Amino acid sequence: MATVKNTYILGIETSCDDTGLAIVSNGEIVAFEKSSQGIHQNTNGVVPQIAAQEHLREINSLFQSCLDGAGIEIEEISAIGVTSGPGLIGSLAVGASWALGLSQNLNLPIYGINHLEGHVFTLFFSDEKPKKFPVLVLLASGGHTMLLDWSYPKAFKRIFNTRDDSAGEALDKVATMLNLGFPGGPEIERHAEQAKDELSYRFTVPMRNKTGFSFSGLKTEARKKIREHDELNLADFCASFQKAAFDHLLDQSEKQLSLKQYHGIAIVGGVSANQKLRKQFQSLAQDHSLCFFAPPLKLSTDNGAMPAIVAEKMLNGEIETSFLTGVYSRFKSKK
Ligand code: ADP
Ligand code: MG
């Protein structure tokens, strides 16, 4: 009987400040390496040219660790998926040119992967995977906050994007105002968990009677309240701000559920690492008798398994193929 040869797909993610490499085989992660750039703590935000340099510094050793982790030789890699956009051009270019070198060397197919599609496909690593579509997906990260209508194997459709800041950016900026460091989302979550009263600082939930996301007003309100209060209760403040931001995400998602019949609702992207947000969306799904999906915790934030799983599905012919042709900074939707 002929034996089926395993395929090993190398994924490379360098769109922002995380250098993520992973190897995926038959839908499972067999190696996972990630280095997050702490250097941007000093500037409370990512400096693009420094981010690019740091990716270059890390990528070789992470690749070696991936081969060791998977227990394979370099020649056993079957294909490469590299994030080609959207993201910081310099950072993307480092990952893409490094990957291109490897693909030429080993004569491997190389796919250019959309970072947002990568986030959505982390749902295929969950214990409970989406099987029935369409699924309404909230993508909330540092760079993006949008609602997506996803009918796999078709590409997702963007319903709407934030009008200004993303949810993660708002959390990061408010954390900076409070001197909590960068990235701020996990810090705000940590303080919010200690809160006694999450309604004590009354924030206005944005866009209650409108459709869309907007976080800039909430951020301005936070700045004003910080100035007004000499003695801020940090835990209650973080919880109050987080509650308004998350209520906004919930409100807008719930509105979409009333417009179309979905089989499930999912959250992906860095902000989906938040436990409170996961619980809130889980109960929203329950209220509407829908399945709820979220990635395994470590796959919420940027990582190499994202481009790897998309590339694996391209190699298997499950979804439309996009070979690497270059990198791009802004979101491009598929036809
Ligand atoms: P990118 O925006 O570059 O795609 P990620 O998808 O990794 O990056 O998302 C990073 C964002 O996720 C940051 O804004 C960070 O503050 C936020 N984040 C990470 N963990 C949490 C958390 N536990 N709660 C809320 N936000 C979080
Ligand atoms: Mg991301």
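Here the structure is a predicted model, which means the values were calculated and not measured.

1. Looking at the overall build of the chain
Of regular secondary structure, the chain possesses nine helices and ten strands. The C-alpha radius of gyration of the chain comes to 20 Å, within 12% of the 20 Å expected for a compact globule of 335 residues. Counting only C-alpha atoms and orienting by the principal axes, one finds that the chain spans roughly 70 × 45 × 35 Å. Here the chain, with 335 residues, has 48% of them falling under the buried criterion.

2. Some remarks on the packing of helix 4 (residues 167–177) against helix 7 (residues 234–257)
Contact geometry for helix 4 and helix 7: axes closest at 11 Å, N-to-C directions at 170°. Here helix 7 runs roughly antiparallel to helix 4, going by the angle between their axes. Contact residues: helix 4 offers Ala167, Ala170, Leu171 and Val174, while helix 7 offers Phe241, Ala245 and Leu249.

3. Some thoughts on helix 6 (residues 216–228)
Along its 13 residues, helix 6 runs 19 Å from first to last C-alpha, staying within 8% of the 18 Å computed at 1.5 Å per residue. All buried positions along helix 6 are accounted for by Leu218, Lys219 and Ala222. For helix 6, the buried positions fall inside an angular range of 100° around the axis, keeping them on one side. Exposed side chains of helix 6 directed beyond 90 degrees from the buried face belong to Thr220, Arg223, Lys224, Arg227 and Glu228. In the core, the buried residues of helix 6 are packed alongside helix 4 and helix 7.

4. As for the domain arrangement of the chain
Split into domains, the chain comes out as domain 1 (9–120 + 300–315) and domain 2 (128–294). Between domain 1 and domain 2, the C-alpha centre-to-centre distance is 27 Å. With ten residues of domain 1 in contact, the opposing surface of domain 2 contributes 16 residues.

5. Focus on the site of ligand 1
Taken together, the neighbourhood of ligand 1 is formed by 19 residues, with Gly142, Gly168, Gly185, Gly270 and Asn274 sitting nearest. Mapped onto the shell around ligand 1, the elements with two or more residues apiece are helix 4 and helix 5 (185–192). Residue classes in the shell around ligand 1 are distributed as six nonpolar, ten polar and three charged. Mapping the shell around ligand 1 onto the domain boundaries places at least three of its residues in each of domain 1 (9–120 + 300–315) and domain 2 (128–294).

6. Here's the deal with the packing of helix 1 (residues 48–70) against helix 2 (residues 89–106)
Remark: helix 1 packs on helix 2, axes separated minimally by 7 Å, with the N-to-C direction vectors making an angle of 25°. Considered as vectors, helix 1 and helix 2 are oriented roughly parallel to each other. As for how helix 1 packs across helix 2, the hand of that crossing is right-handed. Along its contact with helix 1, which presents Pro48, Gln49, Ala51, Ala52, His55, Leu56 and Ile59, the element helix 2 presents Gly90, Ser91, Val94, Gly95 and Trp98.

About the cut-offs
Residues numbered from 1 in each chain as written. Chains lettered and ligands numbered in written order. Predicted model: local features only at pLDDT ≥ 70, side-chain atom pairs only at ≥ 80, totals over all residues. Helix = DSSP H or I, 4+ residues; strand = E, 2+ residues; numbered from the N terminus. Rg over C-alpha atoms; globule rule 2.2 N^0.38 Å. Buried ≥ 20, exposed ≤ 12 C-beta atoms within 10 Å, placed from the backbone. Axes fitted to C-alpha atoms, helices over the stretch in contact; angles between N-to-C directions. Parallel < 35°, antiparallel > 145°, perpendicular 65-115°, else oblique. Contact = placed C-beta atoms within 7 Å. Expected span 1.5 Å × (residues − 1). Arc of directions from axis to C-beta. Domains from an automatic or database assignment. Near = placed C-beta within 6 Å. Nonpolar A, V, L, I, M, F, W, Y, C, P; charged D, E, K, R; others polar. Left-handed = near helix turned anticlockwise from the far one by under 90°.

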